[in-house]
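# Descriptive analysis of the structure
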Amino acid sequence: GVKRYWIDDYVVTYATSGYSLASAKKRDVTGRDALIVGVGEYPNPKHNLPNTVAEANAIASLFNTPSITNANATVDKVKAEAHRANYLHLSCHGTFAWGGDIFKAGLLLHNAEMLNLAHIMTQLKLTGTRLVTLSACETGITDFNQASDEFLGLPAGFMQAGAMGVVSSLWTVEDRSTALLMGQFYRKHINEGMHPAIALREAQDWIRKATVREIGDYYQSFLRMSKEDAQMGAVELFMKNLNPDDKPYAHPFYWSAFTYTGI
């Protein structure tokens, strides 16, 4: 008589193909060099993402490395430096090539330049990469109509480039809840040593149960926002006529888009 979600009882991982899974199992990556990218400013201000830079900065602090944000986050920069990263985090806009050329699916970096699937599969060398996190919209979608021996999409592309695992999304995600989810995910994985799939599940469970009061505290303590920005984030939640103990992100829309592919 009590509603339960799949993640209440199971941890889920995906594989794009048997070949990609077998190839990933042959790798053993233990380093923590990270390339953390966040793009929140775009040519059209309507497309700006107000929380991506705060997300990137918070995650970079876990790795004790500077983040690469906005004007510095170019496609050429990512191509040049991705090979050194044990962890590659991309927080930005993403898009799936609906009804078109699947190789044009990708991530929009500085000046809305596209790091597309063709670039990823042919120009990135990620054999030393434990995890790629695509904190963006529609990055985990595949077109089953174009499937042959594997489901082709961004997760498959990054694994073909050498990554052991990929976190990606199945629909257009909400900017604020995604930043909170990613912060929790990395704390569970990096600080507590959880496997990425387990860390993702735990982060999803946290955000769906987190109260307005807990989220307001979290903005300032972990996302390292200024006091003004942290208070504004909390105020925006309260302006929705919520009580301090309400759970604003309980609906699956806010937390269940993200999946883990790999080992």
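The structure displayed is predicted, hence computed values, not measured ones. (Residues numbered from 1 in each chain as written. Predicted model: local features only at pLDDT ≥ 70, side-chain atom pairs only at ≥ 80, totals over all residues. Heavy atoms only, no water.)

### Examining the overall build of the chain
For the chain, the helix and strand inventory stands at nine helices and nine strands. Within the span of the chain, comprising 263 residues, buried residues form 53% of the whole. Contacts in the chain between residues at least 24 apart in sequence constitute 77% of all its contacts with a sequence separation of at least 6. As presented, the chain carries roughly 12200 Å² of accessible surface, and 50% of it is formed by carbon and sulfur atoms. (Helix = DSSP H or I, 4+ residues; strand = E, 2+ residues; numbered from the N terminus. Buried < 20%, exposed > 50% of the residue type's maximum accessible area, 1.4 Å probe, protein only. Contact = heavy atoms within 4.5 Å. Areas by Shrake-Rupley, 256 points an atom, 1.4 Å probe, with all protein chains shown as cover.)

### Looking at the pattern of salt bridges
Inspection of the entire model under this criterion finds nine salt bridges. Put simply, Glu174 and Arg176 hold a salt bridge, and the shortest N to O gap is 3.5 Å. The salt bridge partner of Asp205 is Lys209, with a shortest N-O separation of 3.1 Å. Taken together, the positions of Asp205 and Lys209, both in helix α7 (residues 196–209) and four residues apart, correspond to about one turn of that helix. If you follow the salt bridges from partner to partner, you end up with Asp8, Asp205, Arg208 and Lys209 in one network. (Salt bridge = Lys/Arg side-chain N within 4 Å of Asp/Glu carboxyl O.)

### A closer look at the environment of Thr69
One can find Thr69 in strand β2 (residues 68–69). We classify Thr69 as buried; its relative accessible area is 19%. Considering only alpha carbons, one finds Thr69 and Val37, 32 residues apart in sequence, at a separation of 5.7 Å. Look past the residues within four positions of Thr69 in its chain and what remains in contact with it is Gly38, Val53, Ala56 and Asn57.

### Some points on the layout of surface pockets
Of the pockets and cavities examined, the largest pocket occupies roughly 270 Å³. Lining the largest pocket are 18 residues, and of these Ile7, Val12, Gln204, Phe258 and Thr259 sit closest to its centre. Counting residues per element, the ones that place at least two in the lining of the largest pocket are α7 and β9 (258–262). Broken down by element, the residue count for the lining of the largest pocket peaks at four residues, all from α7. (1 Å grid on protein atoms, 1.4 Å probe; cavity = no way out; pocket = protein on both sides within 12 Å on 5 of 7 lines; lining within 4 Å. Points joined across faces, edges and corners; volume = space filled by probe spheres on them.)

### Thoughts on helix α2 (residues 52–63)
Over its 12 residues, α2 extends 17 Å from the first C-alpha to the last, a length consistent with the 16 Å expected when each residue adds 1.5 Å. Buried within α2 we find Thr52, Ala54, Glu55, Ala56, Ala58, Ile59, Ala60 and Phe63. On its buried face, α2 sits against β1 (34–38), β2, β3 (87–91), β7 (131–135) and α6 (175–191). Two residues or fewer after α2 comes Asn64, characterised by a positive phi angle close to 55 degrees. (Expected span 1.5 Å × (residues − 1).)

### A short note on the sheet that holds strand β5 (residues 106–108)
Each strand in a sheet pairs with another by means of backbone hydrogen bonds, the pair being arranged parallel or else antiparallel. Read across the open sheet, the three strands follow the order β4-β5-β6; overall the sheet is antiparallel. Looking at strand neighbours, the two that pair on one side only are β4 (93–95) and β6 (114–116), the edges of this open sheet. Pairwise comparison of adjacent strand axes, ignoring direction, gives a mean angle of 25 degrees for this sheet. Bridge count between β4 and β5: three bridges; the pairing is antiparallel. Bridged to His93 within β5 is Leu108. (Pairing = 2+ DSSP bridges. Axes fitted to C-alpha atoms, helices over the stretch in contact; angles between N-to-C directions.)

### Quick notes on the sheet that holds β7
The strand order across the open sheet formed by six strands is β2-β1-β3-β7-β8-β9, and the pairing between neighbours is mixed. The sheet terminates laterally at β2 and β9, the two strands that pair on one side only. Here strand β8 (residues 165–169) pairs with β9 via five bridges, running antiparallel. Bridge pairing in β9 links Gly165 to Gly262. Across the sheet, α7 lies against β7 and β9, angled at about 175 degrees from β9, the strand it touches most.

### Some details on the pairing of β3
Among the five residues that make up β3, five are buried, leaving the element largely enclosed by the rest of the structure. A two-sided burial pattern is seen for β3, the buried positions comprising Tyr87, His89 and Ser91 on one face and Leu88 and Leu90 on the other. Relative to β3, β1 runs parallel, the two sharing five bridges. Opposite Leu35, over in β3, you have Leu88 as the bridge partner. Of the strand pairs in this sheet, β3 and β7 are connected by five bridges, and their pairing is parallel. Bridging from a neighbouring strand, Ser91 pairs with Ser135 of β7.

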